[in-house]
Amino acid sequence: DAGVIQSPRHEVTEMGQEVTLRCKPISGHDYLFWYRQTMMRGLELLIYFNNNVPIDDSGMPEDRFSAKMPNASFSTLKIQPSEPRDSAVYFCASSFYTWETQYFGPGTRLLVL
Amino acid sequence: KNQVEQSPQSLIILEGKNCTLQCNYTVSPFSNLRWYKQDTGRGPVSLTIMTFSENTKSNGRYTATLDADTKQSSLHITASQLSDSASYICVVSEGGSYIPTFGRGTSLIVHP
């Protein structure tokens, strides 16, 4: 397996624009997680899915953020409209169970100007 | 509020030396504690996972310990290598919800 795949790897956009981040989890993994990492706040869990269903989205910062998982092999994290404070590295991770090893993707580095 | 505190914030050691990183937490109820290694510009990679009943777990030159009574964990690196230079992140998950609380990490630099 190629591991968790994320795209794009880098994104530069202007404030107010819509940003869509994509993730393909490891085949067979039932859990998918979206994280955000900044220098100020470190790693934060935004939302996680089990069998394509959102289980906990309490970490989603505000209504500008939304995440979907239409099928077992694809998930998106959308920011609309984007703001400079959204600049961060966004990681997707997957696992068989929540308490098992999570495998992280390479991350998407987002810069909102 | 659940918290995970790591120390030291940064550490510089010479290649071949041992070192120990610390993690103290207040997460309750406790589910599990993980140590991750994150190389610059890459995603975290899991080193160890420990549940309440485990007090030691090894992964090669990495050995993690857990004292659930004092809510402390340590990660010991033996015979350090240049490739050990990275950030080491302690993560404690809450029982029931499995919601993780992340430490800010310890930045380790191994010099030749």
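Residues numbered from 1 in each chain as written. Chains lettered and ligands numbered in written order. Predicted model: local features only at pLDDT ≥ 70, side-chain atom pairs only at ≥ 80, totals over all residues. Heavy atoms only, no water.

*Asks:* I'd like a description of the overall build of chain A, backed by residues and values.
*Replies:* Each helix and strand counted, chain A has zero helices and 11 strands in total. Reading the secondary structure of chain A in the N-to-C direction produces β-β-β-β-β-β-β-β-β-β-β. Taking 2.2 N^0.38 as the reference for a compact globule, 113 residues should give roughly 13 Å; the C-alpha atoms of chain A span a radius of gyration of 13 Å, in line with that estimate. In terms of principal-axis extent, the alpha carbons of chain A reach across some 35 × 25 × 25 Å. Taking all 113 residues of chain A together, the buried fraction comes to 48%. Within chain A, residue pairs in contact and separated by at least 24 positions form 54% of the contacts whose partners lie at least 6 positions apart. Of the charged side chains in chain A, 10 are positive and 13 negative; the average position of the first set lies 4 Å away from that of the second. (Helix = DSSP H or I, 4+ residues; strand = E, 2+ residues; numbered from the N terminus. Rg over C-alpha atoms; globule rule 2.2 N^0.38 Å. Buried < 20%, exposed > 50% of the residue type's maximum accessible area, 1.4 Å probe, protein only. Contact = heavy atoms within 4.5 Å. Lys, Arg positive; Asp, Glu negative; His and termini not counted. Charge placed at Lys NZ, Arg CZ, Asp CG, Glu CD.)

*Asks:* Can you lay out the interface of chain A and chain B for me, pointing to particular residues and giving the numbers?
*Replies:* Listed per partner, the contact involves 22 residues of chain A and 17 residues of chain B. Of the roughly 1500 Å² buried where chain A meets chain B, counting both sides, 55% is carbon and sulfur surface. For the interface between chain A and chain B, the tally reads zero salt bridges. Our enumeration of links across chain A and chain B arrives at four residue pairs in polar contact (both at pLDDT 80 or more). Among the elements of the structure, strand 4 (31-38) and strand 5 (42-50) of chain A are those that each provide at least two residues to the side of chain A that touches chain B. (Buried area = accessible area lost by both parts, 1.4 Å probe. Salt bridge = Lys/Arg side-chain N within 4 Å of Asp/Glu carboxyl O. Polar contact = N/O pair within 3.5 Å; in protein donor to acceptor, adjacent residues only side chain to side chain.)

*Asks:* Break down the environment of Lys1(B) for me, with residues and values.
*Replies:* Tracing the backbone shows Lys1(B) in the segment before strand 1 (4-7). As a C-alpha pair, Lys1(B) and Tyr98(B) span 97 residues in sequence and 15 Å in three-dimensional space.

*Asks:* Let's hear about the state of the cysteines: which residues, and what values?
*Replies:* Residues and elements named next belong to chain A. What the rule picks out here adds up to two disulfides over all chains. The disulfide that involves Cys-23 links it to Cys-92, with 1.9 Å between the sulfurs. Across the S-S bond linking Cys-23 and Cys-92, the dihedral sits near -65 degrees, which makes this disulfide left-handed. Pair noted here: Cys-23 is in strand 3 (residues 19-24) and Cys-92 is in strand 9 (residues 88-95), with a separation of 69 residues, a long-range link. Pair check on accessibility: Cys-23 and Cys-92 agree, each one buried. (Disulfide = S-S within 2.5 Å.)

*Asks:* How would you summarise the sheet that holds strand 6 (residues 56-59) of chain B if you had to cite specific residues and measurements?
*Replies:* Residue and element names in this part refer to chain B. Reading across the sheet, the five strands line up as 1-3-8-7-6 and stay open at both edges, with antiparallel pairing between neighbours. Bordering the open sheet on either side are strand 1 and strand 6, each of which pairs with just one other strand. Pairs of neighbouring strands in the sheet enclose a mean axial angle of 15 degrees, with direction left out of account. Strand direction decides the pairing type here: strand 7 (residues 62-67) and strand 8 (residues 72-77), joined by six bridges, are antiparallel. Bridged to Ala-64 within strand 8 is Leu-75. (Pairing = 2+ DSSP bridges. Axes fitted to C-alpha atoms, helices over the stretch in contact; angles between N-to-C directions.)

*Asks:* I'd like to hear about the packing of aromatic side chains, residue by residue, with values.
*Replies:* By convention here, two paired aromatic rings are described through the distance between centres and the angle between planes. Throughout the structure, instances matching the rule amount to 10 aromatic pairs over all chains. With a centroid separation of 5.4 Å and 25 degrees between ring planes, the pair formed by Phe33(A) and Tyr48(A) is classed as stacked. Linking Phe33(A) in strand 4 with Tyr48(A) in strand 5, this pair joins segments that are 15 residues apart in sequence. Judged by its relative accessible area of 3%, Phe33(A) falls in the buried class. Owing to a relative accessible area of 6%, Tyr48(A) belongs among the buried residues under this scheme. Measuring from ring centre to ring centre gives 5.4 Å for Tyr35(A) and Phe102(B), while their planes differ by 90 degrees; the resulting arrangement is edge-to-face. On the criterion of chain membership, the pair formed by Tyr35(A) in strand 4 and Phe102(B) in strand 10 (residues 100-102) is interchain, its members lying in two chains. Clustering of aromatic rings is evident, with ring pairs tying together Tyr31(A), Phe33(A), Tyr35(A), Tyr48(A), Phe91(A), Phe104(A), Tyr36(B) and Phe102(B). One cation-aromatic arrangement involves Arg61(B) over Tyr62(B); the distance from NZ or CZ to the ring centre is 5.7 Å. (Phe/Tyr/Trp six-rings, centres within 6.5 Å; stacked < 30°, edge-to-face > 60°. Lys NZ or Arg CZ within 6 Å of the ring centre and 35° of its normal.)

*Asks:* Hey, could you go over the pairing of strand 5 of chain A for me, with residue numbers and the actual values?
*Replies:* Residue and element names in this part refer to chain A. Here strand 5 lies mainly inside the structure; eight of its nine residues are buried. Sheet topology note: the strand 4/strand 5 ladder contains eight bridges and is antiparallel. The residue bridging Tyr-31 from the neighbouring strand is Asn-50, located in strand 5. Here three bridges tie strand 5 to strand 6 (residues 53-56), and the two strands are oriented antiparallel to one another. Bridging from a neighbouring strand, Tyr-48 pairs with Asp-56 of strand 6. As consecutive antiparallel partners, strand 5 and strand 6 are separated by two residues, and within that stretch Asn-51 has a phi angle of approximately 50 degrees, a positive value.

The values are spatial; any link to function lies outside them.
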